[in-house]
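A structural walkthrough
If you want the building blocks of each chain, they are given just below.
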Amino acid sequence: MAIAAITYKIKPGFEEEIAEIFSASNFKRAGSPIIRDENGNEIGRITATSLFIKDDRMVRFITFEGTLEDVGRHMAGQDGVQEAERKLAPYLAEPRDTATVEGFLTYFRNSSMRVLSQLSLDSLPPEILAKL
């Protein structure tokens, strides 16, 4: 399982407005966590997402199976994601084009944070796991 972090530069002072966009009563979840290719074959899945905000920075963490490119393509096609993108646009410090799949993928690639370390129970050696 992989984890990605996508960063957003936002205008400071709008944390509550942005929180409202992503609140349970406003945000429309993806129709399915299953990622499919153009033939309908399952090629991955999104297992979790989290969104954090502070001052002029927002970061989305995505836990997934498959490739980050496929995750981005899947998310770009979700109505709820596109709606949130439109609502978020006035609060972004840097405008971006996410209305098309290619524009979304370009932003996704450019805003992905570099992974420095990723540890999980699955990555621990058996001798360490035995001590837990």
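That block above? That's the structure.
The sections below set out a description of the structure shown in this document. (Residues numbered from 1 in each chain as written. Predicted model: local features only at pLDDT ≥ 70, side-chain atom pairs only at ≥ 80, totals over all residues. Heavy atoms only, no water.)

1. Overview of the sheet that holds strand 1 (residues 2-9)
The strand order across the open sheet built from four strands is 1-4-3-2, with neighbouring strands paired in antiparallel fashion. In this open sheet, the two strands that pair with only one neighbour each are strand 1 and strand 2 (34-36). Taking each pair of neighbouring strands and ignoring which way they run, the sheet shows an average axis angle of 35°. Here nine bridges tie strand 3 (residues 42-54) to strand 4 (residues 57-65), and the two strands are oriented antiparallel to one another. Looking at strand 4, one finds that K54 is bridged to R57. Along the sheet, helix 4 (residues 101-111) contacts strand 1 and strand 4; its crossing angle with strand 1, the most-contacted strand, is approximately 100°. (Pairing = 2+ DSSP bridges. Helix = DSSP H or I, 4+ residues; strand = E, 2+ residues; numbered from the N terminus. Axes fitted to C-alpha atoms, helices over the stretch in contact; angles between N-to-C directions. Contact = heavy atoms within 4.5 Å.)

2. Here's the deal with the nonpolar core
Core analysis: the biggest nonpolar cluster contains 22 residues, and Y8, I62, V71, M75 and F108 have the highest contact counts within it. Every element with two or more residues in this core is listed here: strand 1, helix 1 (15-21), strand 4, helix 2 (68-76), helix 3 (79-88) and helix 4. With sequence-adjacent residues up to four places away left out, I62 is seen in contact with A2, I3, A4, I6, I46, A48, T49, V71, M75 and F108. (Core = buried A, V, L, I, M, F, W, Y, C linked by side-chain atoms within 4.5 Å. Buried < 20%, exposed > 50% of the residue type's maximum accessible area, 1.4 Å probe, protein only.)

3. So, a nonpolar patch on the surface
A surface patch of nonpolar side chains, amounting to about 280 Å² of accessible area, comprises I3, F52 and F61. The topology assignment puts F52 in strand 3. (Patch = residues over 30% accessible without salt bridge, like charges linked within 9 Å, V, L, I, M, F, W, Y side chains within 5 Å. Areas by Shrake-Rupley, 256 points an atom, 1.4 Å probe, with all protein chains shown as cover. Salt bridge = Lys/Arg side-chain N within 4 Å of Asp/Glu carboxyl O.)

4. As for the pattern of salt bridges
Overall, the coordinates contain ten salt bridges when judged by the stated rule. The salt bridge involving E94 is made with K9; its shortest N-O contact spans 3.3 Å. One end of the pair, E94, is in the loop between helix 3 and helix 4; the other, K9, is in strand 1, and 85 residues separate them in sequence. Among the salt bridges present, the one from E85 reaches R96, with a minimum N-O distance of 2.4 Å. With E85 in helix 3 and R96 in the loop between helix 3 and helix 4, this residue pair connects regions lying eleven residues apart in the sequence. Relative accessible area serves as the criterion here: at 9%, E85 is assigned to the buried category. Under the relative-accessibility criterion, R96 is labelled buried at 18%. What you see here is one network of salt bridges that share partners, running through E69, D70, R73, E102 and R109.

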